[in-house]
Protein chains: 2
Amino acid sequence: MTENTVLTKLLDLAVELIQTRGYNAFSYRDLSREIGIKTSSIHYYFPSKEDLGKAAMARYRENFNQSLSRIDSAVQAPTEKLMRFSELASGTLKSCDKICLGGMLASDFHTMPDSIREQVRGFYNDNEAWITKVLKSGCEQAVFNFEETPEKMAQAIFALLEGAIISARIFKDESRFHASMNSINALLTSKP
Amino acid sequence: MTENTVLTKLLDLAVELIQTRGYNAFSYRDLSREIGIKTSSIHYYFPSKEDLGKAAMARYRENFNQSLSRIDSAVQAPTEKLMRFSELASGTLKSCDKICLGGMLASDFHTMPDSIREQVRGFYNDNEAWITKVLKSGCEQAVFNFEETPEKMAQAIFALLEGAIISARIFKDESRFHASMNSINALLTSKP
DNA sequence: AGCTACCTATCTATGAGTAGGTAAAACGCG
DNA sequence: CGCGTTTTACCTACTCATAGATAGGTAGCT
């Protein structure tokens, strides 16, 4: 089952806190209060905040990649895959108090150590690569038709998703996210 | 000309610092160092950080609205207007170390007082309203053709822009931004 | 005289991080 | 098996830096 060690509890909570408040607005104290161990004990698991941040992004990234694999084995049609992807993204919103961890850390980018930055870029790369793959197969099957390269189009789609999650949160309006999703379909069948 | 009072210097620097580092990762001390007055003196101009944050977002918003007006009087064609808008947005990137202030504060949303939140939402509303207006006139002139409502489409475009700025920064690659721009055109002529 | 635009000095809270201690579980070995 | 040694998983008690904010002072202009 899901391991419920203190370590994973710390990591899960860290992920959640960063998603809601950002890297610079959460502290070992916040974790301490919630988990019920002292801040010094958290340093036992994560010597520095950098370690924690890196592990949190790595975990999130890993989970995301697993979800992408599950989509791959669950459905085959490219359109369906993209729909599942957007559902996955909308799931991170969760009652409009969290945004994507990748998007959050991308915003905090200039205040973060290199090891975390690499994880963030890796997360972007993972997702864009997956979308690119889907787009390519969609083009081969002639269900998609667009002018840009699949790579560039994947970047645009992912940027749209990240931006839409952020705007959905500030307006407490999930429909903002779903509306953006619909326009993706338009994006992908644009050529005359 | 541009007023160069201490107040405006503070405000300009605050805007820049928030754009690069975020609301929770900049301090009165940073301003103090750069401007050359003590932190306590900054409280003379902005009693609380909330006041400063609110004023910074308000100033940025105002400047942006002025730029939008300038676009309106400079060019008439909807396609041209959108192109200018995207150039405006790309201008905020500036050597890939800053993102849009609105996008940054939208990420920091959950850690901010209400008065700033209102400004952020206002900024989003201003921009989306302007884009909506352009889209509508583009539809009337039959240069645009899409299925979604202009309002929803404007939301998507603005989300795409915000997301693209963020991703351009983390990869230090402005072309990421411009690529996303190109896909907007595709978005707007999608109907068969 | 009073306002403007600063200053010094200080407060309280919080940040990450370290030093060093300890009870209990796990481990190695004769 | 049992005894000593590590290791694990915490703790208390601190450090030092920084945060935003306040009190009260002052030089100079109006």
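Notes on the structure follow. (Residues numbered from 1 in each chain as written. Chains lettered and ligands numbered in written order. Predicted model: local features only at pLDDT ≥ 70, side-chain atom pairs only at ≥ 80, totals over all residues. Heavy atoms only, no water.)

A few points about the nonpolar core
Stage number 1. Counting residues in each nonpolar core, the largest one holds 130 residues, and the members touching the most others are V120, L135 and L188 of chain A together with V120, L135 and L188 of chain B.
Stage number 2. Beyond its immediate sequence surroundings of up to four residues, V120 of chain A is in contact with M57, G102, L105, A106, F109 and M112 of chain A together with I170 of chain B. (Core = buried A, V, L, I, M, F, W, Y, C linked by side-chain atoms within 4.5 Å. Buried < 20%, exposed > 50% of the residue type's maximum accessible area, 1.4 Å probe, protein only. Contact = heavy atoms within 4.5 Å.)

Section: the interface of chain B and chain A
Stage number 1. At the interface, 43 residues of chain B touch 43 residues of chain A.
Stage number 2. For chain B, the biggest contributors to the area lost against chain A are S107, H110 and I170 of chain B; these three give 17% of the whole.
Stage number 3. Between R176 of chain B and E128 of chain A there is a salt bridge, with the nearest N and O atoms lying 2.8 Å from each other.
Stage number 4. Linking chain B with chain A are 11 residue pairs in polar contact (both at pLDDT 80 or more).
Stage number 5. Of all the secondary-structure elements, those providing two or more residues to the side of chain B that touches chain A are α1 (6-21), α6 (101-107), α7 (114-140), α8 (150-170) and α9 (175-188) of chain B.
Stage number 6. When residues of the side of chain B that touches chain A are assigned to their parent elements, the largest contribution, 12 residues, is made by α8 of chain B.
Stage number 7. Looking at side-chain class alone, the side of chain B that touches chain A contains 19 nonpolar, 15 polar and nine charged residues. (Buried area = accessible area lost by both parts, 1.4 Å probe. Salt bridge = Lys/Arg side-chain N within 4 Å of Asp/Glu carboxyl O. Polar contact = N/O pair within 3.5 Å; in protein donor to acceptor, adjacent residues only side chain to side chain. Helix = DSSP H or I, 4+ residues; strand = E, 2+ residues; numbered from the N terminus. Nonpolar A, V, L, I, M, F, W, Y, C, P; charged D, E, K, R; others polar.)

Observations regarding the protein's contact with DNA strand C
Stage number 1. For DNA strand C, the set of nearby residues contains 16 residues, the closest of which are R29 and K49 of chain A together with K38, S41 and Y45 of chain B.
Stage number 2. Take S40 of chain B: an N or O atom from its side chain is 2.9 Å from a base oxygen of DNA strand C.
Stage number 3. The contact in question runs from a phosphate oxygen of DNA strand C to an N or O atom on the side chain of S41 of chain B, over 2.3 Å.
Stage number 4. For the surface near DNA strand C, the secondary structure elements donating two or more residues are α2 (28-35) and α3 (39-45) of chain A together with α3 (39-45) of chain B.
Stage number 5. Class assignment of the residues belonging to the surface near DNA strand C gives a composition of six nonpolar, seven polar and three charged. (Near = heavy atom within 4 Å.)

Functional significance is not addressed by these values, which are geometric in nature.
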